[in-house]
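Structural overview
Chain by chain, the residues:
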Amino acid sequence: KLHCTRNFIHMNLFVSFILRAISVFIKDGVLYAKEDSEHCFIRTLECRAVMIFFHYCVLSNYFWLFIEGLYLFTLLVETFFPEKRYFYWYIIIGWG
């Protein structure tokens, strides 16, 4: 059974890892584009947008790790917990 909640959570967790890595490369490219000592002090719109995207990716990564732990908790402790009932809550919490 490939289309289950467990695989869906893993897929989104790995997508959040990939987005986090991409956001680090984008952040470093924007912040350290110039050789001077002023590395884009969050005053321009470009810097703000990049830092917001970076922090969103980091936060969603931590939330998908939380969802993974929450799902494992429900499997181990509450055996009568229906998976489909909280499927959409996992999406909302994971991606913000």
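Further up the page is the structure itself.
These lines cover the structure that appears in this document, whether it is placed above or below. These figures come from a predicted structure and were not determined experimentally.

1. Concerning the environment of Glu 46
Along the chain, the position of Glu 46 falls in helix 2 (residues 45-76). The sequence separation of Glu 46 and Val 30 amounts to 16 residues, and the corresponding C-alpha distance is 8.0 Å.

2. Observations concerning the side chain of Ser 60
With respect to the helices and strands, Ser 60 occurs in helix 2. Ser 60 gets classed as buried once you look at its relative accessible area, which sits at 4%. Once residues lying within four places of it in the same chain are set aside, the contact partners of Ser 60 are Ser 16, Gly 94 and Trp 95.

3. Quick look at the packing of aromatic side chains
For the structure shown, the criterion picks out three aromatic pairs. A centroid spacing of 6.5 Å and a plane angle of 75 degrees characterise the contact between Phe 8 and Trp 64, whose relative ring orientation is edge-to-face. Separated by 56 residues along the polypeptide, Phe 8 in helix 1 (residues 5-31) and Trp 64 in helix 2 bring together distant segments of the chain. Taken together, a centroid distance of 6.4 Å and an interplanar angle of 35 degrees make the contact between Phe 14 and Phe 17 tilted. Of the two residues, Phe 14 and Phe 17 are both situated in helix 1; the distance of three residues between them amounts to about one turn of the helix. On the basis of relative accessible area, Phe 14 is assigned to the exposed category, the value being 52%. One aromatic cluster is present, built from ring pairs that chain together Phe 8, Trp 64 and Trp 95. Directly above the aromatic system of Tyr 62 lies the positively charged group of Arg 20, at a separation of 5.5 Å from the ring centroid. Positioned above the aromatic ring of Phe 54, the side-chain terminus of Lys 27 is 5.0 Å from the ring centre.

Reading the values: rules and limits
Residues numbered from 1 in each chain as written. Predicted model: local features only at pLDDT ≥ 70, side-chain atom pairs only at ≥ 80, totals over all residues. Heavy atoms only, no water. Helix = DSSP H or I, 4+ residues; strand = E, 2+ residues; numbered from the N terminus. Buried < 20%, exposed > 50% of the residue type's maximum accessible area, 1.4 Å probe, protein only. Contact = heavy atoms within 4.5 Å. Phe/Tyr/Trp six-rings, centres within 6.5 Å; stacked < 30°, edge-to-face > 60°. Lys NZ or Arg CZ within 6 Å of the ring centre and 35° of its normal.

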